Amino acid sequence: MRRLDRRSLLTTGAAAGLLAATGLPLRAAPKRGGVLRLALSGAHPSDTWDSRTHIDTFMKVAAHGAVFDTLTQVAANGELVGELAESWQATADAKTWTFDLRKGVEFHNGKPFEALDVLQSLHLHINAASPARSIVAAITETEILNSHQIRFHLAAPNADFPFLLSDYHLCIYPADHIAEAMEHGIGTGLYKVIRFEAGKRAMLGRVAGHYKDGKEGWFDAVELLAIHDPIKRSRALATGQVDAIDQIDLGQEAALRQNPKLALTQVAGNRHVGLPMRVDQAPFHDINLRRALKHAVDRPQLLQSALRGHGEIGHDHPIGPANQFYDPSFKGLSYDADKARHYLRKAGAGGLTLTLPVAQDMPLAQAEAAEALRQSAAKAGVTIALQTVPAQGYWKDTWQNAAWRGSQWSGRVTEDAIFSASAMNGAAWNETQWDNPHFQHLLLSARAELSTQKRRSMYQEMQSLMANEGGALIPLFAHYVDGHTTRLQHGEALGNLHALDSGRMIERWWFA
């Protein structure tokens with residue numbers, strides 16, 4: 001993804017320049033037809049069409065990538081473009097934003113799309129444990145100017161605001177029919193729900209007369225199958241049972257590449273493997289123990305053993321190489337057995353055994369990463385006992401309650417978005433509960449700052465603060481390595497926010 005200057009969203013005048021959806025250059029002219037069959041990870045029996053609950057690939061691809069729309073979207077080339085919003089403008093201080101909404105759009109139940117739909121859909125995130133709550137909570141007042149124009153007043157300036165509205169949790173539902181829409185999957189997307197079995201499969205059919213006709217949505221129908229095991233997904237692709245999969249089994253990479261009917265895509269984004277430590281619970285309340293564990297991770301070895309080199313080394317903060325203000329010069333706490341033992345002694349934790357829960361069938365080779373961590377930590381005098389737990393219920397039970405556990409994030413398109421979701425006080429997904437007053441001050445200040453240079457300095461200081469003092473243990477950034485039949489074609493660029501072209505393969509790809 002090209003790193004974008006968010007300041008370019010604003011002009012030096014009284015209002016921002018208008019931004020509108022644009023087409024993407026294509027390798028060859030796309031054509032309509034065919035049924036796309038996908039095998040995806042991350043499906044759960046508890047899945048619904050409530051976007052506040054979406055955490056994994058299956059529902060991201062089905063909901064945000066097919067059935068629903070958001071106000072804005074990040075195109076495959078990294079540009080911000082309009083989806084249900086045609087254009088937007090802001091006051092010079094970036095505190096007040098006015099969005100012109102797309103006309104002639106209908107929900108799948110026939111209801112015309114209008115501003116009230118936006119207001120009620122965003123309000124869903126105010127009093128709920130939503131990952132997007134911090135985005136919506138920053139809005140102090142919403143005005144409906146007319147049926148297709150809405151204005152947001154923010155508590156503080158935010159030059160990233162239009163980017164934040166592309167978040168996959170902020171799907172737009174039909175006003176006064178939201179419960180029905182969440183039950184049956186009623187959106188404004190290119191594809192409507194034909195059949196849905198939570199945790200198993202979904203059948204989607206192309207909507208006739210859609211506003212994206214001629215630009216996106218080339219398949220007549222789509223079948224999504226839940227296959228959690230990456231080995232089984234890869235075999236399903238190799239045997240022609242499906243047309244594309246996310247997250248191939250890296251052990252089968254060579255065999256898949258030798259198959260002339262298959263192709264692999266590798267995209268570097270901000271997805272990261274994490275082992276967060278809750279600083280509000282013993283023993284991780286001691287910064288010396290946290291530093292000991294960070295020094296106990298052999299990150300280069302972990303990159304090879306867990307990801308077979310398909311990624312980059314992380315430095316215990318979630319800002320990735322595709323973020324605008326990522327600091328490539330910062331190296332964090334590297335593997336050093338002597339320093340690990342030193343901090344263990346300072347923590348009075350000699351001989352301590354730590355338990356690390358690992359979920360079954362988790363993607364990103366989490367089990368391999370945990371085992372590699374156990375081995376490197378042992379050399380530094382840290383004993384780690386791995387505890388395998390069922391994948392079902394992992395996020396609800398282990399992730400929320402354990403003092404130490406495995407985690408994974410797709411990252412976010414802006415620094416403010418990922419820091420706000422993962423480290424802001426009170427955020428639903430604040431995994432570590434780390435509370436540093438200066439970090440929180442920088443978070444709010446950087447959000448309001450319009451100077452690119454000053455924002456860069458703030459965000460890079462935040463990266464250093466979290467890495468050195470926080471509870472985030474983020475040793476790796478993982479590339480998206482997906483597979484597909486060579487019959488499938490796509491545009492010149494591939495999105496890197498999520499797997500399968502930022503989760504929008506259904507909209508953007510086509511059969512040759």
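So, here's what we can say about the structure. Fair warning: this is a prediction, and the values are worked out from it, not measured in the lab. (Residues numbered from 1 in each chain as written. Predicted model: local features only at pLDDT ≥ 70, side-chain atom pairs only at ≥ 80, totals over all residues. Heavy atoms only, no water.)

**Some words on the side chain of E216**
Structurally, E216 can be placed in the loop between β9 (201-206) and β10 (221-226). On the accessibility criterion, E216 (14% relative accessible area) is buried. Once you skip the residues sitting within four places of it in the chain, E216 turns out to touch Q73, L190, R206, E507 and R508. (Helix = DSSP H or I, 4+ residues; strand = E, 2+ residues; numbered from the N terminus. Buried < 20%, exposed > 50% of the residue type's maximum accessible area, 1.4 Å probe, protein only. Contact = heavy atoms within 4.5 Å.)

**Brief notes about the environment of F330**
Within the secondary structure, F330 is located in the loop between β14 (311-313) and α10 (337-347). Residue F330 is classed as buried on the basis of its relative accessible area of 16%. Sequence spacing of F330 and R151 is 179 residues, and the spatial spacing of their C-alpha atoms is 39 Å. Apart from residues no more than four positions distant in its own chain, F330 is found in contact with H315, H317, Q463, S464, A467 and N468.

**Quick word on the packing of helix α8 (residues 287-295) against α10**
At their nearest, the axes of α8 and α10 sit 8 Å apart, and the two run at 160° to each other. Viewed along their axes, α8 and α10 adopt a mutual orientation that is roughly antiparallel. In this structure, α8 crosses over α10, and the sense of that crossing is left-handed. Counted together, N288, L289, R291, A292 and H295 of α8 and K339, A340, Y343, L344, K346 and A347 of α10 form the full contact between these two elements. (Axes fitted to C-alpha atoms, helices over the stretch in contact; angles between N-to-C directions. Parallel < 35°, antiparallel > 145°, perpendicular 65-115°, else oblique. Left-handed = near helix turned anticlockwise from the far one by under 90°.)

**Description of the sheet that holds strand β17 (residues 407-409)**
Pairing is antiparallel across the open sheet formed by 4 strands, whose spatial order is β14-β18-β13-β17. This sheet does not close on itself; its edge strands, each paired only once, are β14 and β17. In this sheet, adjacent strand axes meet at a mean angle of 25° when their direction is disregarded. Pairing analysis gives 3 bridges linking strand β13 (residues 272-274) to β17, with the strands arranged antiparallel. (Pairing = 2+ DSSP bridges.)

**Digging into unusual backbone geometry**
Note the cis peptide between A282 and P283, where omega equals 0°. Positionally, P283 belongs in the loop between β13 and α8. The phi dihedral of Q247 falls on the positive side, at around 50°, and the residue is not glycine. Here Q247 lies in the loop between β11 (244-245) and α7 (253-258). For Q247, a relative accessible area of 9% puts it in the buried group. In this structure, L500 takes a positive phi of about 55° despite not being glycine. Mapped onto the elements of the fold, L500 is located in helix α16 (residues 499-502). The class for L500 is buried, based on a relative accessible area of 3%.

In short, the description is geometric, and any link to function would need to be established separately.
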